[in-house]
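Here's the letter readout for the chains.
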Amino acid sequence: MLGHLPALQVIIPLISAPVCVLITRASWAWLLATIVSIASFVIAVLLVHEVSAHGVLSYHLGGWEPPLGIEYRIDHLSAYVLTIVAATASITMVAARKSIEQEIPSEKINLFFSAYLLCLTGLLGIVVSGDAFNIFVFLEISSLSSYALIAMGRDRRSLTAAYQYLIMGTIGATFILIGVGLLYMLTGTLNIHDLQQKIPAIVDSRTLHAAFAFLTAGISLKIALFPLHLWLPNAYAHAPSMITVFLSATATKVSVYVMLRFFFGLFPPDISLEQFHLGKILLPLSIIAILTASFVAVFQENIKRMLAYSSVAQIGYMTLGIGLGSANGAIAGMVYLFNHAIIKGGLFLAMACVVLRTGSVRLEDFSGLGKRMPWTMAAIVLLGLGLIGIPFTGGFVSKWYVLSAAIEQGHWLAAVVIVGGSLLTILYIWKIIEYAYFKTPVSAKLQNLTTHEAPRQMLLPLWLLVIGNFYFGLDTSFSLGYASTAIQTLFR
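What this report covers is the structure whose coordinates are included nearby. (Residues numbered from 1 in each chain as written. Predicted model: local features only at pLDDT ≥ 70, side-chain atom pairs only at ≥ 80, totals over all residues. Heavy atoms only, no water.)

**Things to note about the overall build of the protein chain**
Here comes step 1: Tallying secondary structure elements over the protein chain gives 21 helices and 2 strands in all.
Here comes step 2: Here the C-alpha radius of gyration of the protein chain, 21 Å, is about what a compact globule of 492 residues would show, namely 23 Å.
Here comes step 3: In terms of principal-axis extent, the alpha carbons of the protein chain reach across some 70 × 55 × 40 Å.
Here comes step 4: A sequence separation of at least 24 residues applies to 80% of the contacts in the protein chain between residues at least 6 apart.
Here comes step 5: When the accessible surface of the protein chain is totalled, it reaches about 18,300 Å², and 67% of it is carbon and sulfur. (Helix = DSSP H or I, 4+ residues; strand = E, 2+ residues; numbered from the N terminus. Rg over C-alpha atoms; globule rule 2.2 N^0.38 Å. Contact = heavy atoms within 4.5 Å. Areas by Shrake-Rupley, 256 points an atom, 1.4 Å probe, with all protein chains shown as cover.)

Quick look at the structure:
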């Protein structure tokens, strides 16, 4: 059974998706999605153990050996990202029941969970695939299901957000497909490990340069790297609350994984950095993203939209680390990816709690919420400290390593921007705290509203993420240690 874990990671949620369509009772559909998510996490943990004990796992589908056959390939980097995706999925589904019942029409709940399982299938498939074309296929599975999930939001603007995401996502996917097609034309193979062996011999080919350019543009769209981020704020703001939790902690993180896999796995690092000057593309865009998106977030009145712009800025920190062009920079980017999934997933989960009880995430509607929902607001404050980068939080560890990598490479402008971005983060996190604890409701409706705390089924996963924020701020043996091993294998 252990030998089939890479295939089971994809097959279980894939088979469960159509089963959800046939289930008419909402509670059963939620239970199936939750069991599948937890099973995916258990498999991910087992894969981490297997990779740590035995090295890279190669699974040949249909008995055809690569490069002729399709390969699922699990190395330290794959196992690291699988753990993030599967853990996020498990936490999201455990907490999702009440929120989904409130925000999704009862007749569509089974379809909602079916689309969710397809999205999970796509994200897990991207990470386990050792084949460039199948990464594109799984990317489209996750994207198409994401469009449907976002469109199910109760706000009619969710349809517009999903359509905007569809247009930009399709353009990005097309660019990636063109890049993969050009690579196949040049080398006659789609296997990533095989491509890595053949690319150095054709590094002067103009077609290879074109393939790299198409892949860079396509992946940047999927990551939501500034200025290709326009789909993200609306998608996060208007999607159902639990889908915002799931996508914010997984979708862009998997896209960062694809960037690392293509530009440091498929293309050898020296070619990406020295021949194609990847750092000169990522560094300036990342710096602009951190400053611009953080500044825009300060002026948002919708908290979900505020946190969405914050995500654009945080993506900038990750790509900045990668763009520094060093192993330590890439390690810092991966540590940031890990901790940001915990912090931002927790913040959006707290927003889901607020929506469940108040029906709003407007800043003015947070007035006095510190007294009416004390546990939820306390979680927001503690996770906000992590987002700022206060010591003893995961966010501090993330920013410290990105800052150290920037100073190590002599990029003082990047170092100043990292600190400046944290100062801007203080401003918009403080706005939430100010309204929740120091302002009283103005409208009669809010004054007469007696808000109860969120149910335990949502609070327990939320506080698990809060604890994770501080635990991984103190113990970096997995977040840093495993990321270091993963990146060092790419930079050999």
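Still more ground to cover, so stick around.
**Brief notes about unusual backbone geometry**
Here comes step 1: Across the junction of Phe 226 and Pro 227, the peptide omega takes the value 5°, indicating a cis bond.
Here comes step 2: Structurally, the position occupied by Pro 227 is in the loop between helix 8 (206-223) and helix 9 (231-238).
Here comes step 3: Positive phi values are uncommon outside glycine, yet Phe 392 reaches one of about 75°.
Here comes step 4: Inspection of the secondary structure puts Phe 392 in the loop between helix 16 (374-388) and helix 17 (394-408).

**Quick notes on helix 4 (residues 109-128)**
Residue pairs spaced three or four apart in an α-helix point in one direction, given the helix's 3.6 residues per turn.
Here comes step 1: Taking 1.5 Å of rise per residue, the 20 residues of helix 4 would be expected to cover 28 Å, and the 29 Å separating its terminal C-alpha atoms lies within 8% of that figure.
Here comes step 2: Most of helix 4 is tucked away: 18 of the 20 residues are buried. (Expected span 1.5 Å × (residues − 1). Buried < 20%, exposed > 50% of the residue type's maximum accessible area, 1.4 Å probe, protein only.)

**Focus on helix 16**
Here comes step 1: Here helix 16 spans 21 Å end to end across 15 residues, near enough to the 21 Å set by a 1.5 Å rise per residue.
Here comes step 2: Among all positions in helix 16, only Thr 376, Met 377, Ala 379, Ile 380, Leu 383, Gly 384, Gly 386, Leu 387 and Ile 388 are buried.
Here comes step 3: Considering only its buried residues, helix 16 is in contact with helix 13 (303-323), helix 14 (327-358), helix 15 (369-372), helix 17, helix 18 (412-438) and helix 20 (456-474).
Here comes step 4: Phi for Gly 389, located one or two positions after helix 16, is positive at around 105°.

**With respect to the environment of Met 152**
Here comes step 1: By the element assignment, Met 152 lies in the loop between helix 5 (132-151) and helix 6 (157-187).
Here comes step 2: When the C-alpha atoms of Met 152 and Ala 162 are compared, they prove to be 9.1 Å apart, with 10 residues separating the residues in sequence.
Here comes step 3: Setting aside its immediate chain neighbours within four residues, Met 152 contacts Glu 103, Ile 104, Leu 111, Phe 112 and Pro 240.

**Topic: empty space enclosed by the protein**
Here comes step 1: Taken as a whole and assessed by the stated rule, the structure comprises 3 cavities of 30 Å³ or more.
Here comes step 2: For the largest cavity, the calculated volume is near 90 Å³.
Here comes step 3: Split by residue class, the lining of the largest cavity holds 6 nonpolar, 5 polar and 1 charged.
Here comes step 4: If you go around the second largest cavity, the residues you meet are Gln 314, Tyr 336, Asn 339, His 340, Ile 343, Gly 386, Leu 387, Gly 395 and Ser 398.
Here comes step 5: Broken down by secondary-structure element, the contributors of at least two residues to the lining of the second largest cavity are helix 14, helix 16 and helix 17.
Here comes step 6: Residues of the lining of the second largest cavity, tallied by class, amount to 3 nonpolar, 6 polar and no charged. (1 Å grid on protein atoms, 1.4 Å probe; cavity = no way out; pocket = protein on both sides within 12 Å on 5 of 7 lines; lining within 4 Å. Points joined across faces, edges and corners; volume = space filled by probe spheres on them. Nonpolar A, V, L, I, M, F, W, Y, C, P; charged D, E, K, R; others polar.)

**Regarding the pattern of salt bridges**
Here comes step 1: Using the criterion set out here, one finds 6 salt bridges in the structure.
Here comes step 2: For Asp 75, the salt bridge goes to Arg 261, with nearest N and O atoms at 2.9 Å. With a gap of 186 residues between them, Asp 75 in the loop between strand 2 (71-74) and helix 3 (76-103) and Arg 261 in helix 10 (residues 241-266) connect regions that are remote in the sequence.
Here comes step 3: Judged by its relative accessible area of 9%, Arg 261 falls in the buried class.
Here comes step 4: Between Asp 194 and Lys 198 there is a salt bridge whose closest N-O contact spans 3.6 Å. Residue Asp 194 and its partner Lys 198 are both found in helix 7 (residues 192-198); the two are separated by 4 residues, about one turn of the helix.
Here comes step 5: Classification of Asp 194 by relative accessible area gives buried; the value is 17%.
Here comes step 6: Judged by relative accessible area, Lys 198 falls into the partly exposed class, the value being 35%. (Salt bridge = Lys/Arg side-chain N within 4 Å of Asp/Glu carboxyl O.)

**A short note on the environment of Gln 196**
Here comes step 1: Within the secondary structure, Gln 196 sits in helix 7.
Here comes step 2: Once the C-alpha coordinates of Gln 196 and Phe 262 are considered, the two residues, 66 residues apart in sequence, prove to be 9.4 Å apart.
Here comes step 3: Not counting the four nearest positions on each side in its chain, Gln 196 is found in contact with Phe 264, Gly 265, Leu 266 and Pro 268.

**Focus on the packing of helix 1 (residues 5-22) against helix 4**
Geometrically, a packed helix pair is captured by the angle between its two axes and the distance between the axes.
Here comes step 1: It is at 8 Å that the axes of helix 1 and helix 4 come closest, and there the two elements cross at 165°. Considering their axes alone, helix 1 and helix 4 lie roughly antiparallel with respect to each other. The two elements helix 1 and helix 4 meet at a crossing, and its hand is left-handed. Residues Gln 9, Val 10, Pro 13, Leu 14, Ser 16, Ala 17, Pro 18, Cys 20 and Val 21 of helix 1 form the contact with helix 4, whose own contacting residues are Asn 110, Leu 111, Phe 113, Ser 114, Leu 117, Leu 118, Leu 120, Thr 121, Leu 124, Gly 125 and Val 128.
Here comes step 2: Partitioning the contact of helix 1 with helix 4 into residue classes produces 14 nonpolar, 6 polar and no charged. (Axes fitted to C-alpha atoms, helices over the stretch in contact; angles between N-to-C directions. Parallel < 35°, antiparallel > 145°, perpendicular 65-115°, else oblique. Left-handed = near helix turned anticlockwise from the far one by under 90°.)

**Describing the packing of aromatic side chains**
The description of an aromatic ring pair uses the distance of the two centres, along with the angle that the planes make with each other.
Here comes step 1: In the structure shown here, the tally under the stated rule is 24 aromatic pairs.
Here comes step 2: On the numbers, 5.1 Å between centres and 10° between planes, the contact of Tyr 317 with Tyr 336 is stacked. Of this pair, Tyr 317 sits in helix 13 while Tyr 336 sits in helix 14, and the two are 19 residues apart along the sequence. Note on accessibility: Tyr 317 and Tyr 336 belong to one class, buried.
Here comes step 3: An aromatic cluster is built from Tyr 80, Phe 338, Tyr 471, Phe 472, Phe 478 and Tyr 482, whose rings are joined through pairwise contacts. (Phe/Tyr/Trp six-rings, centres within 6.5 Å; stacked < 30°, edge-to-face > 60°.)

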